[in-house]
Amino acid sequence: MALSVSNLASSLSSLSFSSQVSQRSNTISFPRANSMFQLPAKSARRGSLSVTATVAAPDSEVEDTMELKNYVKSRLPGGFAAQKIIGTGRRKCAIARVVLQEGTGKVIINYRDAKEYLQGNPLWLQYVKVPLVTLGYENSYDVFVKAHGGGLSGQAQAITLGVARALLKVSADHRSPLKKEGLLTRDARVVERKKVGLKKARKAPQFSKR
């Protein structure tokens with residue numbers, strides 16, 4: 001045991017410590033390897049942004065709408081209010097003002113063809129022509145409509161009532177067949193209002209006893 005202590009002391013005495021501290025900062029440098037991915041030159045990194053503006057030519061749809069608008073104005077001098085055969089129909093939030101003129105059966109809604117305006121829906125197109133078909137006038141009158149409010153379904157049903165009321169001004173004898181088909185009755189059904197404490201008009205939140 002004493003031998004090992006003496007050996008340790010001799011080894012410690014042989015060590016010498018330097019009190020001088022190097023003033024150079026300890027930095028680690030890595031050699032720069034030839035990378036496979038090289039950044040482009042400074043001039044190449046600056047990309048040029050070019051913006052080009054082109055003026056689009058008027059669409060054919062806009063031209064067709066303008067033609068129909070001019071056509072309606074030529075057929076209805078003085079506007080809708082100045083016409084004699086006119087009827088107003090309502091359904092839910094939709095209101096339609098309808099003018100009938102002798103023609104070939106054209107239907108124009110808000111200066112657009114009825115098939116285009118009603119998105120080609122056969123049921124909505126049928127709503128518009130039901131009063132005329134009932135009296136056999138489907139190819140005898142042109143229908144001009146100004147509709148607003150609600151959706152397309154409500155507007156189509158409002159047009160039905162408007163056409164039926166306008167046909168009454170053509171002849172009082174039309175009342176009986178139109179009334180028999182229920183075309184002169186204003187459908188008063190509307191969406192029921194939401195109630196306080198409920199999610200919708202009738203739907204209630206889930207009941208929990210505890």
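Residues numbered from 1 in each chain as written. Predicted model: local features only at pLDDT ≥ 70, side-chain atom pairs only at ≥ 80, totals over all residues. Heavy atoms only, no water.

Visitor: Explain helix α6 (residues 152-170) to me, please; I cannot follow it from the model alone.
Guide: What sets the pattern is the α-helix's 3.6 residues per turn: residues three or four places apart point alike. Helix length check: α6 (19 residues) gives 27 Å between terminal C-alpha atoms against 27 Å at 1.5 Å per residue, within 8%. Every buried residue of α6 is listed here: Gly154, Gln155, Ala156, Ala158, Ile159, Thr160, Leu161, Gly162, Val163, Ala164, Ala166 and Leu167. (Helix = DSSP H or I, 4+ residues; strand = E, 2+ residues; numbered from the N terminus. Expected span 1.5 Å × (residues − 1). Buried < 20%, exposed > 50% of the residue type's maximum accessible area, 1.4 Å probe, protein only.)

Visitor: How should I be thinking about the pattern of salt bridges in this particular structure?
Guide: Should their charged atoms come close, side chains of opposite charge can pair. Evaluation of the coordinates by the stated rule reveals six salt bridges. Note that Asp187 is salt-bridged to Arg189, the shortest N-O span being 2.7 Å. Residue Arg189 is classed as exposed on the basis of its relative accessible area, which comes to 58%. The closest approach of N and O atoms between Glu192 and Lys195, which form a salt bridge, is 2.7 Å. Taking relative accessible area as the criterion, Lys195 reaches 25% and is therefore assigned partly exposed. (Salt bridge = Lys/Arg side-chain N within 4 Å of Asp/Glu carboxyl O.)

Visitor: Please clarify how a negative patch on the surface should be interpreted in this entry.
Guide: Taken together, Glu61, Glu63, Asp64 and Glu67 make up a surface patch of like negative charges. In this fold, Asp64 is placed in helix α3 (residues 60-75). Overall, the relative accessible area of 41% leaves Asp64 in the partly exposed class. (Patch = residues over 30% accessible without salt bridge, like charges linked within 9 Å, V, L, I, M, F, W, Y side chains within 5 Å. Areas by Shrake-Rupley, 256 points an atom, 1.4 Å probe, with all protein chains shown as cover. Lys, Arg positive; Asp, Glu negative; His and termini not counted. Charge placed at Lys NZ, Arg CZ, Asp CG, Glu CD.)

Visitor: Help me understand the side chain of His174, please; the structure alone is not making it clear to me.
Guide: Within the secondary structure, His174 sits in the loop between α6 and α7 (175-180). Since its relative accessible area comes to 8%, His174 is described here as buried.

Visitor: Would you mind going over the nonpolar core with me for this structure?
Guide: A general trend in soluble globular proteins is that nonpolar side chains are found buried together. Counting residues in each nonpolar core, the largest one holds 27 residues, and the members touching the most others are Ile109, Val143, Val145 and Ile159. The element that contributes the greatest number of residues to this core is α6, accounting for seven residues. Excluding residues within four positions of it along the chain, Val145 makes contact with Phe80, Ala96, Arg97, Val98, Ile108, Ile109, Asn110 and Ile159. Val72, Leu76, Phe80 and Ile108 belong to the second-largest nonpolar core, a separate cluster that totals seven residues. (Core = buried A, V, L, I, M, F, W, Y, C linked by side-chain atoms within 4.5 Å. Contact = heavy atoms within 4.5 Å.)

Visitor: Sorry if this is basic, but what is going on with the environment of Leu125 here?
Guide: For Leu125, the position within the fold is in helix α5 (residues 122-135). Note: C-alpha distance between Leu125 and Thr160 (35 residues apart in sequence) is 9.9 Å. Residues contacting Leu125, with those up to four places away along its chain left out, are Ala114, Lys115, Leu118 and Gly120.

Visitor: What's the story with the packing of α5 against α6 in this structure? I'm lost.
Guide: The relative placement of two packed helices comes down to the angle between their axes together with the axis-to-axis distance. With their axes 7 Å apart at the nearest point, α5 and α6 run at an angle of 15° to one another. In this view, α5 runs roughly parallel relative to α6, as classed from their interaxial angle. Between α5 and α6 the crossing geometry is right-handed. Where α5 abuts α6, its residues Trp124, Tyr127, Val128, Pro131, Leu132 and Leu135 lie against Leu152, Ser153, Ala156, Gln157, Ile159, Thr160, Val163, Ala164 and Leu167. Taken together, the residues that form the contact of α5 with α6 break down as twelve nonpolar, three polar and no charged. (Axes fitted to C-alpha atoms, helices over the stretch in contact; angles between N-to-C directions. Parallel < 35°, antiparallel > 145°, perpendicular 65-115°, else oblique. Left-handed = near helix turned anticlockwise from the far one by under 90°. Nonpolar A, V, L, I, M, F, W, Y, C, P; charged D, E, K, R; others polar.)

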